[in-house]
2 protein chains.
Amino acid sequence: MTHFADRLAAAIRAKGNAVCAGLDPRWESLPQEIRVRHGDDTLTAVAGAFEEFCCRVLEVVAPLVPVVKPQSAFFEACGPAGMDALQRVLRKAHHLQLLTILDGKRNDIASTATAYADAAFAGTTIGSRLHPVWEADALTVNPYLGRDAVEPFLQSARKAQAGVFVLVRTSNPGAGQFQDLLVASGKDAPQPLYQHVAQAVASWSRENVGQCGFGDVGAVVGATYPAELTQLRQMLPEVVFLVPGFGAQGGTATDVLPAFRRDGLGAVVNSSRGITFPFKPDERDWESKVEAATKATIAALAGNR
Amino acid sequence: MTHFADRLAAAIRAKGNAVCAGLDPRWESLPQEIRVRHGDDTLTAVAGAFEEFCCRVLEVVAPLVPVVKPQSAFFEACGPAGMDALQRVLRKAHHLQLLTILDGKRNDIASTATAYADAAFAGTTIGSRLHPVWEADALTVNPYLGRDAVEPFLQSARKAQAGVFVLVRTSNPGAGQFQDLLVASGKDAPQPLYQHVAQAVASWSRENVGQCGFGDVGAVVGATYPAELTQLRQMLPEVVFLVPGFGAQGGTATDVLPAFRRDGLGAVVNSSRGITFPFKPDERDWESKVEAATKATIAALAGNR
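Residues numbered from 1 in each chain as written. Chains lettered and ligands numbered in written order. Predicted model: local features only at pLDDT ≥ 70, side-chain atom pairs only at ≥ 80, totals over all residues. Heavy atoms only, no water.

1. Describing helix H9 (residues 193–206) of chain A
Between the first and last C-alpha of H9(A) there are 20 Å, a value that for 14 residues agrees with the 20 Å anticipated at 1.5 Å per step. Most of H9(A) is tucked away: 11 of the 14 residues are buried. (Helix = DSSP H or I, 4+ residues; strand = E, 2+ residues; numbered from the N terminus. Expected span 1.5 Å × (residues − 1). Buried < 20%, exposed > 50% of the residue type's maximum accessible area, 1.4 Å probe, protein only.)

2. With respect to the sheet that holds strand S12 (residues 267–271) of chain B
All names here are of chain B. Spatially, S1-S2-S3-S6-S7-S10-S11-S12 is the arrangement adopted by the eight strands of the closed barrel, whose pairing is parallel. Averaged over all pairs of adjacent strands, the angle between strand axes in this sheet comes to 30 degrees, irrespective of strand direction. Across two bridges, strand S2 (residues 67–70) lies against strand S3 (residues 99–106) in parallel orientation. Counted as the bridge partner of Val68 is Thr100 from S3. (Pairing = 2+ DSSP bridges. Axes fitted to C-alpha atoms, helices over the stretch in contact; angles between N-to-C directions.)

3. Things to note about the interface of chain B and chain A
At the junction of the two partners, chain B supplies 68 residues and chain A supplies 68 residues. Of the roughly 5700 Å² buried between chain B and chain A, counting both surfaces, carbon and sulfur atoms make up 60%. Applying the counting rule to chain B against chain A returns eight salt bridges. Between Arg129(A) and Asp41(B) there is a salt bridge; the shortest N-O distance is 3.1 Å. One can count 41 residue pairs in polar contact (both at pLDDT 80 or more) joining chain B with chain A. No other element matches the six residues that helix H9 (residues 193–206) of chain B contributes to the side of chain B that touches chain A. Taken together, the residues of the side of chain B that touches chain A sort by class into 34 nonpolar, 22 polar and 12 charged. (Contact = heavy atoms within 4.5 Å. Buried area = accessible area lost by both parts, 1.4 Å probe. Salt bridge = Lys/Arg side-chain N within 4 Å of Asp/Glu carboxyl O. Polar contact = N/O pair within 3.5 Å; in protein donor to acceptor, adjacent residues only side chain to side chain. Nonpolar A, V, L, I, M, F, W, Y, C, P; charged D, E, K, R; others polar.)

4. Some details on the environment of Glu76(B)
Among the structural elements, Glu76(B) can be located in helix H4 (residues 72–76). Along the backbone, Glu76(B) and Leu86(B) are 10 residues apart, and their C-alpha atoms lie at a distance of 8.6 Å. Excluding residues within four positions of it along the chain, Glu76(B) makes contact with Arg106(A), Tyr116(A), Ala119(A), Val133(A), Trp134(A), Met83(B) and Arg106(B).

5. A closer look at the confidence of the model for chain A
Of the residues in chain A, 99% reach a pLDDT of 70 or more, and the chain-wide mean stands at 96. Scored as a complex, the prediction yields pTM 0.98 and ipTM 0.98. (pLDDT = per-residue confidence, 0-100.)

6. Some words on the packing of helix H3 (residues 43–61) of chain A against helix H13 (residues 286–302) of chain A
Residues and elements named next belong to chain A. Axis separation between H3 and H13 bottoms out at 9 Å; the angle between their running directions is 50 degrees. Of the possible angle classes, the one that applies to H3 and H13 is oblique. The two elements H3 and H13 meet at a crossing, and its hand is right-handed. Touching Phe53, Arg56, Val57, Val60 and Val61 of H3 are Trp286, Glu287, Val290, Glu291 and Thr294, all from H13. Of the residues that constitute the contact of H3 with H13, the class distribution is six nonpolar, one polar and three charged. (Parallel < 35°, antiparallel > 145°, perpendicular 65-115°, else oblique. Left-handed = near helix turned anticlockwise from the far one by under 90°.)

7. Quick notes on the relation of the copies chain B and chain A
Overlaying chain B on chain A yields an RMSD of 0.0 Å, the required transformation being a rotation through 180 degrees with an accompanying axial translation of 0.0 Å. Here the copies are linked by what is in effect a two-fold axis. In terms of proximity to the rotation axis, the leading residue of chain B is Val183(B), whose C-alpha is 2.2 Å off the axis. Both copies present the same face, since 100% of the interface residues in chain B are matched by interface residues at the equivalent positions in chain A. (Least-squares fit on C-alpha atoms with pLDDT ≥ 70 in both.)

Structure, rendered in structure tokens:
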């Protein structure tokens, strides 16, 4: 197994871009043909539609992008059948040699965090048996509980050579309510909370750095806050950024440029709706529209280098 | 339907205590008879063991306590089959007229948060159909993303007359790393971050107050921080506290006393291992030990009033 950051760097180099295709299946946006075939009688039927849609998107994007990011909330919305679909979508992505970031924003303390983390990465150990669950290459994690609650995610990720992306500066309009609170720090000028979290992420990341120079603990930093993104890139030279908020949420190619190191590594830029839903439900040949939208996203980001 | 806080108050009055039985199924702690019957060959088998154990615990505690709190991480550790078990455990709790707090510590932005919240409470709407998922009475939520990310949880909870417990001061040893950071606030003395979160929770809670005087947005405050608990009770008179960390984590009956209003309302004190695992796996008649441990927990808390 290879260090997560090195696998990510290799995938970005191989595909020639750092686009992450976000899989946020929403019933009302699915192609009509898929909705009709599965129906909406039960959540099992809906989960089947989500799975078919995501797997067909994966086939389209696999030759083009290095990473995909399934959003666990939309699968959880279908209950146990949705989690079944999530598992099959993650496996399909692996078979297509895509890296996977499971977007669960998980957080808890001690052995509870370990339960989430083992499920995400190496698998759940029962007695002497190891049972794989999600087998993701990375998981998003919320830092509010502090280091000892993030630690089990790091330990479990490191066993599987996986990565953890810690929320630092989220992409939503109200992100600043707590993240921008100015923290008094003795003689120095006060710093916003998100910078304190960023410094913790930097120290966690430095514990396990790959050959590419990046650690296995990344930071989620929204494209919707370009000034903060620029500042954080300077503060955290060894930290990979997962950048949501591009496209539908308003972040532009210019906004995300500062997330990258000069060699084009150091960030993955996620687009969900922009890549997966560039069509109306009743449009035919939706897969070619997904392909065109993926290529357009790649080109928009490349044009800025 | 009745306001969440009023349903909680009625349940606490009916049972004569404010104990929450935490359901954290762990394979290594399960009764040997259950482990042998189900086996550990597959996660479906393990999930079946978790379900049987939790459902039998529910039968024991239902006449005694008002609330139970399944920890979603331990069910997610069994993958889709675990989520199936979680759903049946939640349904069983409802049939036994127990209130349920789903401990998922969920968080995300906008419509993604809505997907988690609808699954937790009113159900997932697909087209014109409403599909129930977890049907919990309350969900734990992480506040790091700010008001606009908490809002979808409040909206969905209010449609179902359910409750939201926001993490304010968690029970883990390292909780203070970020939660205790001192936030500069103009002319006033700096306040720790958790108090800023607490004030936000108070304002959200005041938006929808029940007849008992408490709102539908509660706060998670660990029993392991009695000074903070005392202070927060004074700051947040209308907020119900969910108090983890009692028992196995070190919180005592004296520590949790300040969480309550004088009439005995205003808090639920969770005990997981202390109630559900007071036996060794090979001990017989483990259910009578769960019953005795539940009664002992209730008595310990009552003795302090």
